[in-house]
Amino acid sequence: MELYRSLCAEKAEERKLKVMEENAKLGFRKLESKNARASLKLLPVIQGILMDAAINTDERVKQALAVLRKEGGRLLSAGPADHEGIPARS
């Protein structure tokens, strides 16, 4: 009987861990979705900067990167860029 109780307790603990893992996955997905929606709001701003023909190409890129750093710092990876002015991809 003691063996049966310990086996049941072990299975209950495994189920509890699986539920906790699934809850963590759902929370992470919600966070990713929230960040993606916030990122989409920056697209019109970045497009406007990059399409402005009155400004030279280098300045447009600098301005776009400045907006991303200020408004969407999470979008840029924390690692160093492989090329000057181009953010590293994750």
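Cut-off values and rules
- Residues numbered from 1 in each chain as written.
- Predicted model: local features only at pLDDT ≥ 70, side-chain atom pairs only at ≥ 80, totals over all residues.
- Heavy atoms only, no water.
- Helix = DSSP H or I, 4+ residues; strand = E, 2+ residues; numbered from the N terminus.
- Buried < 20%, exposed > 50% of the residue type's maximum accessible area, 1.4 Å probe, protein only.
- Areas by Shrake-Rupley, 256 points an atom, 1.4 Å probe, with all protein chains shown as cover.
- Lys, Arg positive; Asp, Glu negative; His and termini not counted.
- Salt bridge = Lys/Arg side-chain N within 4 Å of Asp/Glu carboxyl O.
- Polar contact = N/O pair within 3.5 Å; in protein donor to acceptor, adjacent residues only side chain to side chain.
- Contact = heavy atoms within 4.5 Å.
- pLDDT = per-residue confidence, 0-100.
- Core = buried A, V, L, I, M, F, W, Y, C linked by side-chain atoms within 4.5 Å.
- Expected span 1.5 Å × (residues − 1).
- Arc of directions from axis to C-beta.
- Bend = angle between axes of the 7 residues up to and from the residue.

## Considerations on the overall build of the protein chain
Scanning the protein chain from terminus to terminus reveals two helices and zero strands. Burial statistics for the protein chain: of 90 residues in total, 14% are counted as buried. Just so you have it, the protein chain exposes about 7,900 Å², and 58% of that area is on carbon and sulfur atoms.

## Structural notes on the side chain of Arg60
Mapped onto the fold, Arg60 is located in helix α2 (residues 57-71). Buried and unpaired, Arg60 has no salt bridge, with Asp52 as the nearest side chain of opposite charge at 6.7 Å. A polar contact is formed between the side chain of Arg60 and the backbone oxygen of Asp52, at a distance of 3.4 Å. Excluding anything up to four places from it in sequence, Arg60 contacts Ile49, Leu50, Asp52 and Ile55.

## A closer look at the pattern of salt bridges
Across all of its chains, the model carries two salt bridges by this definition. With a shortest N-O distance of 3.5 Å, Glu21 and Lys25 are connected by a salt bridge. One end of the pair, Glu21, and the other, Lys25, are both in helix α1 (residues 2-51), four residues apart, so they sit about a helical turn from each other. Glu22 serves as the salt-bridge partner of Lys25, at 3.7 Å between the closest nitrogen and oxygen. Of this pair, Lys25 and Glu22 are both found in helix α1, three residues apart, which corresponds to roughly one turn of the helix.

## Remarks on the confidence of the model for the protein chain
Taken residue by residue, the protein chain gives an average pLDDT of 81. The fraction at 70 or more is 79%. Confidence drops under a pLDDT of 50 for residues 77-90, and excluding neighbours within four residues, the segment shows eleven contacts in the predicted structure.

## Description of the nonpolar core
In terms of nonpolar packing, the biggest core is built from six residues, these being Leu42, Ile46, Ile49, Ala64, Val67 and Leu68. Residue assignment for this core shows that the elements contributing at least two residues are α1 and α2.

## A short note on α2
Taking 1.5 Å per residue as the helical rise, α2 with its 15 residues ought to reach 21 Å, and the 21 Å between its terminal C-alpha atoms agrees with that figure. All of the buried residues in α2 are Arg60, Ala64, Leu65, Val67 and Leu68. The arc enclosing the buried residues of α2, seen along the axis, measures out at 155°, which places them on a common side. Opposite the buried face of α2, by more than 90 degrees, sit the exposed residues Asp58, Lys62, Arg69 and Lys70. Tucked into the core, α2 has its buried residues touching α1. A distance of 3.3 Å separates the backbone nitrogen of Asp58 from a side-chain oxygen at the start of α2, and that oxygen is part of Asn56.

## Considering α1
Its 50 residues place the ends of α1 73 Å apart at the C-alpha level, agreeing with the 74 Å of an ideal helix rising 1.5 Å per residue. Along α1, the sharpest kink reaches roughly 30°, centred on Leu42 and followed within four residues by the proline Pro44. Every buried residue of α1 is accounted for by Ser39, Leu42, Ile46 and Ile49. Taken together, the buried residues of α1 touch α2.

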